[in-house]
Amino acid sequence: MPQTASRLNVFTESVIRGMSRLASRHAAINLAQGFPDFDPPEPLLAALEKAARGPFHQYAVTWGAPRFRQALATKIQSDTGLPVDPEQHLVVTCGSTEAMMVAMMTACNPGDRVIVFSPFYENYVADAILSGAEPIYVPLYPPDFRYDSAELAQAFESKPKAIIVCNPSNPTGKVFTRHELTEILALAEKHDAFVITDEPYEHIVYEPRYHVYTAALPGAFARTITCNSLSKTYSITGWRLGYVFAAPEIIAQARKVHDFLTVGAPAPLQEAAVAGLELPASYYVGLRDIYTSKRDIFLDYLRQTGLPFTEPQGAYYVLVDISALGFATDTEAAEWFIRELGVAGVPGSSFFRHPENRFLRFHFAKREETLRAAGERLLRIPDYLANPHRINPSRVL
Ligand SMILES: Cc1ncc(COP(=O)(O)O)c(C=O)c1O
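The rules we used
Residues numbered from 1 in each chain as written. Predicted model: local features only at pLDDT ≥ 70, side-chain atom pairs only at ≥ 80, totals over all residues. Helix = DSSP H or I, 4+ residues; strand = E, 2+ residues; numbered from the N terminus. Rg over C-alpha atoms; globule rule 2.2 N^0.38 Å. Buried ≥ 20, exposed ≤ 12 C-beta atoms within 10 Å, placed from the backbone. Domains from an automatic or database assignment. Contact = placed C-beta atoms within 7 Å. Pairing = 2+ DSSP bridges. Axes fitted to C-alpha atoms, helices over the stretch in contact; angles between N-to-C directions. Near = placed C-beta within 6 Å. Nonpolar A, V, L, I, M, F, W, Y, C, P; charged D, E, K, R; others polar. Core = buried A, V, L, I, M, F, W, Y, C linked by C-beta atoms within 7 Å.

### Description of the overall build of the chain
Stage number 1. Within the chain one finds 13 helices and 13 strands.
Stage number 2. Relative to a compact globule of 397 residues, whose C-alpha radius of gyration would be 21 Å, the chain shows 21 Å and is just as compact.
Stage number 3. Considered along the principal axes of its C-alpha atoms, the chain spans approximately 65 × 55 × 55 Å.
Stage number 4. Each of the 397 residues in the chain was classed as buried or not, and the buried ones make up 48%.

### Brief notes about the domain arrangement of the chain
Stage number 1. Along its sequence, the chain is organised into domain 1 (6–40 + 282–382) and domain 2 (43–279).
Stage number 2. Its C-alpha centre places domain 1 at a distance of 24 Å from the equivalent point of domain 2.
Stage number 3. The interface is formed by 33 residues belonging to domain 1 together with 33 residues belonging to domain 2.
Stage number 4. At the level of elements, α1 (15–25), α10 (281–305) and β10 (317–321) are the ones that each hand at least two residues to the side of domain 1 that touches domain 2.
Stage number 5. Sorting elements by how many residues they give to the side of domain 1 that touches domain 2 places α10 first, with seven residues.

### With respect to the sheet that holds β10
Stage number 1. Spatial strand order, β10-β13-β12: three strands in an open sheet with antiparallel pairing. Where the open sheet ends on each side, the last strands, each with one partner, are β10 and β12 (346–347).
Stage number 2. Taken together, the two bridges between β12 and strand β13 (residues 359–363) define a ladder with antiparallel strand orientation. Within β13, the position partnered with Val-346 by the bridge is Arg-361.
Stage number 3. The strands touched by helix α11 (residues 330–341) are β12 and β13; relative to β13, the strand with the most contacts, the crossing angle is about 45 degrees.

### Quick notes on the pairing of β10
Stage number 1. The element β10 is extensively covered by neighbouring structure, given that four of its five residues are classed as buried.
Stage number 2. Bridge count between β10 and β13: five bridges; the pairing is antiparallel. Bridge assignment links Tyr-317 to a residue of β13, and that residue is His-363.

### Some thoughts on the site of the ligand
Stage number 1. Residues in close proximity to the ligand total 13 residues, the closest being Gly-95, Ser-96, Thr-97, Ser-229 and Ser-231.
Stage number 2. With three residues, the single largest contributor to the shell around the ligand is helix α4 (residues 95–107).
Stage number 3. Along the lines of polarity and charge, the residues of the shell around the ligand split into three nonpolar, nine polar and one charged.

### Focus on unusual backbone geometry
Stage number 1. In this model, Ser-118 is joined to Pro-119 through a cis peptide bond whose omega is 10 degrees.
Stage number 2. Positionally, Pro-119 belongs in the loop between β3 (113–118) and α5 (123–130).
Stage number 3. In this chain, Asn-170 is followed by Pro-171 through a cis amide linkage whose omega measures 15 degrees.
Stage number 4. Among the secondary structure elements, Pro-171 is positioned in the loop between β6 (162–166) and α7 (178–190).
Stage number 5. Of note in the backbone geometry, Phe-145 takes a positive phi value of approximately 55 degrees without being a glycine.
Stage number 6. Topologically, Phe-145 is positioned in the loop between β4 (134–141) and β5 (146–147).
Stage number 7. Judged by C-beta crowding, with 20 C-beta atoms within 10 Å, Phe-145 ranks as buried.
Stage number 8. Positive phi outside glycine occurs at Arg-240, with the angle close to 60 degrees.
Stage number 9. Among the structural elements, Arg-240 can be located in the loop between β8 (224–229) and β9 (242–245).
Stage number 10. Arg-240 sits in the partly exposed class, given 19 other C-beta atoms within 10 Å.

### Looking at the nonpolar core
Stage number 1. With 122 residues, the main nonpolar core has Ala-103, Ile-164, Val-244, Ala-273 and Ala-344 as its most contacted residues.
Stage number 2. Each of two domains, domain 1 (6–40 + 282–382) and domain 2 (43–279), supplies a minimum of three residues to this core.

### Looking at the sheet that holds β8
Stage number 1. Pairing is mixed across the open sheet formed by eight strands, whose spatial order is β2-β9-β8-β7-β6-β3-β4-β5. Unpaired on one side and paired on the other, β2 (90–93) and β5 mark the two borders of the sheet.
Stage number 2. Contacts from helix α3 (residues 66–80) reach β2 and β9, with the element oriented near 115 degrees to β2.
Stage number 3. Here α5 sits on the sheet in contact with β3, β4 and β6, set at roughly 170 degrees to β3.

Spelled out as structure tokens, the structure:
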């Protein structure tokens, strides 16, 4: 049999999605893959029913249905203060996942370097490799996951073509400050690099933090490629709707990549999602409040377990330090959590460049009752901490 492409040997299948499958096999509460177990807002459901009976069952315009792009432009304009032309500044994609792949293939030639902060959302390294680029890593340091300015400046010395900024960040919950983004932008300007931002959690930011749109910083627009998504904001991860927002010259090229990758995002879902984009500003305040409450409930249980964890500033992930439980690897720990406690998380090592076995990542985008059920299960941890001999990691799942 012929050999498959060697670039695919450099990374594995998604660990996050793998843990999700394991969770369902063992009927564990899935706090691994970040998706809600509650419904999208009612106006979206009603619009979806209506769209099913409308003339939306064939390909939409490849770079996005006009009504959807117009609604998107209006929302982005109101969020960022930037003038947005739906004909020139947008490509609608299948989620931020495709948007990131499109951005990388648009920005990078084979052999180009791309700066990735570590820990990182696992897709970024796959995106870099699939687009022929080489990731170079700049560490973020716990507990608040700051980068070291000198290390970042040093990384830019290797003449990267782009830097990827996940803001708010998965898995760290870091929200980049205006100061940090300005510093990143200044370095990108100095070395003539693109800034590729991934912002699907733009509306899930906890007070007193707030989201700063990189593209809206002075002088940023010409080199910033913003990737974003409706998945998290409207609880519709299965609808696969996202977009790239950038300057017309970049979008003209990005449309080509998108066209040949997917042709287009699902037409009936673009039609229905307009109802989400047209929700009033109060919806986003409510969303932040709902997630603040979920965060508080989940963190309260974590505090009672006695395990240290990071307090997210944004997004809906927590890195829990499980080193006190004494597992040899975090994968062993993740499997034990599924089997013994019935709660699924993601081994933190899948997000780090360097070997790191300290963390499991859990998310809290779940109904209150699901979070409390998971929390109650986690409350068995203090007992194991007091009696570590009861932990048996060796049973195979
Ligand atoms: C940082 C980040 N980017 C992108 C995605 C994927 O989003 P989408 O559903 O829009 O493809 C996720 C999903 O968890 C994410 O956390």
